[in-house]
Amino acid sequence: MKITNHMPTAELQKLDAAHHMHPFTDNGSLAKKGVRIMKSAKGVWLNDTEGHKILDGMAGLWCVNIGYGRSELADVAAQQMNELAYYNTFFQTSHIPAIALAAKIAEVAPGDLNHVFFAGSGSEANDTNIRMVRRYWDIKGKPGKRIIIARHNGYHGSTMGGGSLGGMKPIHAHGGKIDGIVHIGEPNYWEQGGDMTPEDFGLMRARELEAKILELGADSIAAFIGEPIQGAGGVIVPPSTYWPEIQRIVEKYNILLIADEVITGFGRTGNWFASQTFDIKPHIITVAKGLSSGYAPIGGSIVCDEVAAVMGSDGDFNHGYTYSGHPVAAAVALKNIEIMQEEKIVEHVRDVAHPHLAKKWKELEQHPMVGDATLVGLMGSIALTPNKATRAKFKSESGKVGYMCRERCFANDLIMRHVGNRMIISPPLVITTAEIDELTKRAWQSIDECYKQVKAEGLWEEA
Ligand SMILES: *Cc1c(COP(=O)(O)O)cnc(C)c1O
């Protein structure tokens, strides 16, 4: 079977149901419903096998930062595959794409984050981080510093290490969780802030880190990991007081700070990294997704001078992946970053797309079912609520209304995801102002259709 064969959708769906196990999916019910099949894409627009032209408000899975269909990336992949399709970076060898990409990442990364350990994905990079921070403290003569503190409802991938760093109970429930990782509260003001001001709530959540360090002893803590903005957790933007307080605490107690920028890196927040947006000074930044705009699977840990120097001071680090720095993926990622620089895509987010979308996004708050509409760079969310004043939840089971809204979006050829009853977007960074107008028009229409359905089904009830 050629992959270019265009069988009727129903036949493809049958084959998919028979042979393809989807991630994070109820495969039994999907098999009955029939999967949606994407065929091609250009810019921010996806085409499915049924002829729908869909506005991708999620950039795939938060990753297609430069948009779909850039043939330069295809060309560079073909060229690299012909020249050197594969070689490893173990055993004292390297190759040109890995070298050039590491140097390019060091150029765009903030501060003294000048070293890159490559992985095949964000999950793998976070697994690297677990082992690296523990090895770092071993070498420094503090082998007791092993525990990593993370947050409830954080997402750091779905390998055993990544899933354990993440604070999502449904993930821990399937296969368990490795030891030596503990979780503190998330800075989710909308859901958990109660009567506090956002500022006080942000401080309170950050100080849970200090309390946990004091409880377990600083001599047992290796690192703290957090996403500058929680992505999969629902685009949770922390109050302004949160990150400065976290920064103060990690410095005071001498623990490493890992910023998981798998989503927020490479322009998403209007800077190259959200660590710049929030003035965070991490020792390690996790990257993947936008690193290659999703055109090839690649991730990595960007490491500061001091940690890299320590890691290089005491023999082998017994860790690595067959595809660490894979030449084709590295060449594609390098070209992706070059295009971002040449076309000033980060500046486009900061100066054009964000200001325009911010205004339009805020207008959605005029809808009776929309509570807060938040946007940082091109990463946004809206809370659906039956009572904005009290930030009330719906009485129906969590996520029911969000799911209904997502289905309306699909019907209106807009991809907007839901996390619980929070709708989220993260469109390609190249989105134009006209496309932003279309996105917010379809979003309003979908929310409004959902609202009418909620009312008609008697779901407009507060918990
Ligand atoms: C997607 C994601 C990961 C995992 O990356 P994969 O490439 O799916 O393994 C890790 N951290 C964050 C913040 C993510 O959004």
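Residues numbered from 1 in each chain as written. Predicted model: local features only at pLDDT ≥ 70, side-chain atom pairs only at ≥ 80, totals over all residues. Heavy atoms only, no water.

Draft legend 1. Main features of the overall build of the protein chain. The secondary structure content of the protein chain amounts to 17 helices and 15 strands. Taken over C-alpha atoms, the radius of gyration comes to 22 Å for the protein chain, in line with the 23 Å a tight globule of 463 residues would show. Out of the 463 residues in the protein chain, the part that is buried amounts to 54%. In the protein chain, 71% of the contacts between residues at least 6 apart in sequence involve partners at least 24 apart. Entry remark: accessible area of the protein chain is about 20,000 Å², with carbon and sulfur atoms responsible for 54%. The protein chain carries 47 positive and 53 negative side-chain charges, and their two centres are separated by 3 Å. (Helix = DSSP H or I, 4+ residues; strand = E, 2+ residues; numbered from the N terminus. Rg over C-alpha atoms; globule rule 2.2 N^0.38 Å. Buried < 20%, exposed > 50% of the residue type's maximum accessible area, 1.4 Å probe, protein only. Contact = heavy atoms within 4.5 Å. Areas by Shrake-Rupley, 256 points an atom, 1.4 Å probe, with all protein chains shown as cover. Lys, Arg positive; Asp, Glu negative; His and termini not counted. Charge placed at Lys NZ, Arg CZ, Asp CG, Glu CD.)

Draft legend 2. Region of the structure containing the domain arrangement of the protein chain. Here the domain parsing of the protein chain yields domain 1 (43-66 + 344-456) and domain 2 (71-342). Distance between the C-alpha centres of domain 1 and domain 2: 27 Å. Buried area between domain 1 and domain 2, summed over both chains or domains, comes out near 2,700 Å², and the portion from carbon and sulfur atoms is 64%. Ranking the residues of domain 1 by area buried against domain 2 places Ile66, Met379 and Arg391 at the top, with a combined share of 28%. Run the count over domain 1 and domain 2 and you get zero salt bridges. Taken together, the links from domain 1 to domain 2 amount to 15 residue pairs in polar contact (both at pLDDT 80 or more). Contributing elements (two or more residues each) for the side of domain 1 that touches domain 2: helix H3 (59-62), helix H15 (345-363), strand E11 (370-376), strand E12 (379-384), strand E14 (417-419) and strand E15 (422-425). (Domains from an automatic or database assignment. Buried area = accessible area lost by both parts, 1.4 Å probe. Salt bridge = Lys/Arg side-chain N within 4 Å of Asp/Glu carboxyl O. Polar contact = N/O pair within 3.5 Å; in protein donor to acceptor, adjacent residues only side chain to side chain.)

Draft legend 3. Structural context of the packing of aromatic side chains. All chains considered together, the criterion is met by twelve aromatic pairs. Considering the side-chain rings of Tyr136 and Trp137, the 4.8 Å spacing of their centres and the 80 degrees angle between planes classify their relative orientation as edge-to-face. Accessibility classification places Tyr136 together with Trp137 in one group, the buried group. Note on Phe266 and Trp272: the rings are 6.3 Å apart at their centroids and 85 degrees apart in plane angle, and the pair reads as edge-to-face. (Phe/Tyr/Trp six-rings, centres within 6.5 Å; stacked < 30°, edge-to-face > 60°.)

Draft legend 4. Main features of the sheet that holds E15. The sheet built from four strands is open, its strands ordered E11-E12-E15-E14 with antiparallel pairing. The outermost strands of the open sheet, each flanked by one partner alone, are E11 and E14. Each adjacent strand pair in this sheet contributes to an overall mean axis angle of 25 degrees, direction not counted. Where E14 meets E15, three bridges bridge the pair, whose relative direction is antiparallel. Directly across from Val419, in E15, lies its bridge partner Arg422. Contacting E11, E12 and E15, H15 crosses the sheet at an angle of about 175 degrees to E11. (Pairing = 2+ DSSP bridges. Axes fitted to C-alpha atoms, helices over the stretch in contact; angles between N-to-C directions.)

Draft legend 5. Looking closely at a nonpolar patch on the surface. On the surface, a nonpolar cluster with roughly 380 Å² of combined accessible area is contributed by Leu84, Tyr86, Tyr87 and Tyr323. Mapping Leu84 onto the fold places it in helix H4 (residues 71-84). With a relative accessible area of 31%, Leu84 lands in the partly exposed category. (Patch = residues over 30% accessible without salt bridge, like charges linked within 9 Å, V, L, I, M, F, W, Y side chains within 5 Å.)

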